[in-house]
Amino acid sequence: MDILIVGGGASGLAAALEAAKYGHVTVLERAGRVGRKLAVTGNGRCNLTNLSMGQEHYHGGEPGFSHYALERFGPEETREFFRGLGLVTVAEPSGRVYPHSDQAGSVVDVLRLAAAGRGVKLQCGVEVRRIRREQGGFAAETDAGLLRADRVIVAAGGAAAPRAGGSEAGYRLLEGLGHTCTRLTPSLVQLKTENAFTRPLKGVRADAGVEVERGGRTVAASAGEVQFTDYGLSGPAIFEVSRDAARSPGCVIRLDLLRQVELSQLVSMLRQRRDRGLTNENLFTGILHNKVGRTLVTGLGWSLAAPVSALTEEDLLRAARAVKGVTLRVTGSMGMEGAQVTAGGVRTEEFDPETMESRLVPGLFACGEVLDVDGDCGGYNLQWAWSSGRLAGKLGALR
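Please read these numbers as outputs of a predicted model, since none were measured by experiment.

## Some words on the overall build of the protein
Okay, so step 1: Broken down by element type, the protein carries 11 helices and 21 strands.
Okay, so step 2: Overall, the C-alpha framework of the protein stretches about 85 × 40 × 35 Å when taken along its three principal axes.
Okay, so step 3: By residue count, 55% of the 399 residues in the protein fall in the buried class.
Okay, so step 4: Roughly 16700 Å² of accessible area belongs to the protein as shown, and the carbon and sulfur atoms make up 46% of that amount.
Okay, so step 5: Within the protein, the 44 negative side-chain charges are centred at a point lying 3 Å from the centre of the 47 positive side-chain charges.

Dropping the structure here:
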């Protein structure tokens, strides 16, 4: 059996290694090499998976679509899979799993070497223009000529990170075969906000509770590291809520810069500072990053040189509320160029979750980011790539 896989990223290579056990596999990759996006993921470290797996970490039109694949090929199966390829992995206390080498290139290398060892044909620099159904199989029109196969697996990835190889090519190929695509938006992406507060703090990191509010209702929440930028906000806690923020026009971000302390406790802490001969410049010293503290004070309209002793009880409450509720209007995101993953994709109801086979076109399979499944930050998107890719590769070759 001849199996053609479109896309040489995480899901495509996982599919190829499974399918190669049962048939002849050719992988077509539009970039100059396979695993280009994988090689830069996780800031070059490659967060392979997360041991704290749960359906709540996945999103899409059918959130439960990913359940079967993730159960069939879960985090422990993924570690065993890579162990069999010669990759040593380590799990952090958070549950995130990385290669012991701390290099994403190690992941790409073991996948590439395993593919070569199993006879997978990797053709790079080849663009697939169209796939059409033929009697007994498929024909793929490429810039390198016409290729035929018994089965086709589309693993072309999403639109995020175009500089690392992201594109809409996979969506277009599947649409050409009768499938439909949902709205595409960036996810795990930096957010643009009103920047009068963030610009002076460019590069500063803070631990914060984060809420996205729209129309007085919280639509997303997270907590952890936030990084201030000249255009707005970045950092893991922002990435967690970016999917919902990007899809909620007119929303605001609310930051709690001292989430471990109640408002009343903070007021008491500030009250004790009135008798210490401090100026407003040091009102938050020892509580917040100095730059953050000074920016909050000037934002309240107070002089940095004025004495803390002059602050009233109402002033102290205002100051505490400012710490616990920095509110910034979201004006956009850094787009697909800055995103790590695409929210949206080809509609999952058009595919069988237990095989990844198209319900519309028998013999056609899809996996990974091209489908309307996206995960939270922390290795969940790569786990979906491994799980769906291996399932598509195995069932694509056997069916």
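## Quick notes on the packing of aromatic side chains
Okay, so step 1: Evaluation of the coordinates by the stated rule reveals 5 aromatic pairs.
Okay, so step 2: Judged by centre distance (6.3 Å) and plane angle (70°), the rings of Phe 65 and Trp 384 are edge-to-face. Placement of Phe 65 in the loop between β4 (58-59) and α2 (67-72) and of Trp 384 in helix α11 (residues 380-398) is noted, with a sequence separation of 319 residues between them. Comparing Phe 65 with Trp 384, the two get one shared label, buried.
Okay, so step 3: A centroid spacing of 5.8 Å and a plane angle of 75° characterise the contact between Phe 197 and Phe 228, whose relative ring orientation is edge-to-face. Of this pair, Phe 197 sits in the loop between β13 (191-193) and β14 (205-214) while Phe 228 sits in strand β15 (residues 217-228), placing them 31 residues apart in sequence. Comparing Phe 197 with Phe 228, the two get one shared label, buried.
Okay, so step 4: Among the aromatic residues, those joined into a cluster by ring pairs are Phe 81, Phe 82 and Trp 386.
Okay, so step 5: Here the basic side chain of Arg 45 rests over the ring of Tyr 98, its NZ or CZ set 3.8 Å away from the ring centre.
Okay, so step 6: Here the guanidinium or amino end of Arg 133 rests over the ring plane of Phe 138, the centre of that ring lying 4.6 Å away.

## What to know about helix α9 (residues 313-324)
Okay, so step 1: Between its first and last C-alpha atoms α9 spans 17 Å; for 12 residues at 1.5 Å apiece the expected length is 16 Å, and the two agree.
Okay, so step 2: Lining the buried residues of α9 we find β17 (252-256), α7 (263-271), α8 (290-299) and β18 (326-333).

## Structural notes on the pairing of strand β2 (residues 24-29)
Okay, so step 1: Counting buried positions along β2 gives 5 out of 6 residues, so the element sits mostly inside the fold.
Okay, so step 2: The pairing of strand β1 (residues 2-6) with β2 spans 5 bridges and is classified as parallel. Opposite Leu 4, over in β2, you have Thr 26 as the bridge partner.
Okay, so step 3: Remark: the β1/helix α1 (residues 10-19)/β2 crossover connection has right-handed handedness.
Okay, so step 4: Pairing of β2 with strand β7 (residues 121-124) involves 4 bridges; the strand directions are parallel. Its bridge partner lying in β7, Leu 28 is registered against Gln 123.

## Side note on the sheet that holds β1
Okay, so step 1: Taken in spatial order, the 5 strands line up as β7-β2-β1-β11-β20 in an open sheet, and their pairing is parallel. Edge positions in the open sheet fall to β7 and β20 (364-366), since each of these has one partner strand only. Each strand axis lies, on average, 20° off the axis of its neighbour in the sheet, ignoring direction.
Okay, so step 2: Of the strands in this sheet, β1, β2, β7 and β11 (151-154) are in contact with α1, which crosses β1 at around 170°.

## With respect to the nonpolar core
The tendency in soluble globular proteins is for nonpolar side chains to be buried as a group.
Okay, so step 1: One finds Phe 82, Leu 111, Ile 131 and Trp 386 to be the most contacted residues of the largest nonpolar core, which totals 76 residues.
Okay, so step 2: The residues touching Leu 111, leaving out its near neighbours within four places in the chain, are Leu 13, Leu 17, Leu 38, Phe 81, Phe 82, Leu 85 and Trp 386.
Okay, so step 3: In this structure, Cys 251, Leu 258, Val 267 and Ala 322 belong to the second largest nonpolar core, which totals 45 residues.

## A look at the side chain of Glu 18
Okay, so step 1: On the secondary structure map, Glu 18 appears in helix α1.
Okay, so step 2: Look at Glu 18 and you get buried, because its relative accessible area is 2%.

## Some thoughts on the sheet that holds strand β6 (residues 96-99)
Okay, so step 1: In spatial order, the strands read β3-β6-β5; together these 3 strands make up an open sheet with antiparallel pairing. At either margin of the open sheet sits one strand with a lone partner, and together these are β3 (49-50) and β5 (89-91).
Okay, so step 2: As judged from the 3 bridges shared by β5 and β6, these two strands associate in the antiparallel manner. Bridge assignment links Ala 91 to a residue of β6, and that residue is Val 97.
Okay, so step 3: Packing against the sheet, helix α3 (residues 75-84) makes contact with β3, β5 and β6, and its axis sits at approximately 155° to β5.

## Concerning the pattern of salt bridges
Okay, so step 1: Considering all chains together, one arrives at 24 salt bridges under this definition.
Okay, so step 2: Arg 172 is the salt-bridge partner of Glu 168, the closest N and O atoms lying 2.5 Å from each other.
Okay, so step 3: We note a salt bridge from Asp 207 to Arg 259, for which the minimum N-O separation is 2.7 Å. Placement of Asp 207 in strand β14 and of Arg 259 in the loop between β17 and α7 is noted, with a sequence separation of 52 residues between them.
Okay, so step 4: The exposure class of Asp 207 is partly exposed, given its relative accessible area of 33%.

## Some points on helix α4 (residues 104-117)
Okay, so step 1: Over its 14 residues, α4 runs 20 Å from end to end, which matches the ideal 20 Å to within 8%, given 1.5 Å per residue.
Okay, so step 2: The set of residues buried in α4 consists of Ala 104, Ser 106, Val 107, Val 108, Val 110, Leu 111, Ala 114 and Ala 115.
Okay, so step 3: In the segment just after α4, Gly 119 is the residue with positive phi, at about 80°.

What counts, and at which threshold
Residues numbered from 1 in each chain as written. Predicted model: local features only at pLDDT ≥ 70, side-chain atom pairs only at ≥ 80, totals over all residues. Heavy atoms only, no water. Helix = DSSP H or I, 4+ residues; strand = E, 2+ residues; numbered from the N terminus. Buried < 20%, exposed > 50% of the residue type's maximum accessible area, 1.4 Å probe, protein only. Areas by Shrake-Rupley, 256 points an atom, 1.4 Å probe, with all protein chains shown as cover. Lys, Arg positive; Asp, Glu negative; His and termini not counted. Charge placed at Lys NZ, Arg CZ, Asp CG, Glu CD. Phe/Tyr/Trp six-rings, centres within 6.5 Å; stacked < 30°, edge-to-face > 60°. Lys NZ or Arg CZ within 6 Å of the ring centre and 35° of its normal. Expected span 1.5 Å × (residues − 1). Contact = heavy atoms within 4.5 Å. Pairing = 2+ DSSP bridges. Right-handed = clockwise from strand over helix to strand, strands pointing away. Axes fitted to C-alpha atoms, helices over the stretch in contact; angles between N-to-C directions. Core = buried A, V, L, I, M, F, W, Y, C linked by side-chain atoms within 4.5 Å. Salt bridge = Lys/Arg side-chain N within 4 Å of Asp/Glu carboxyl O.

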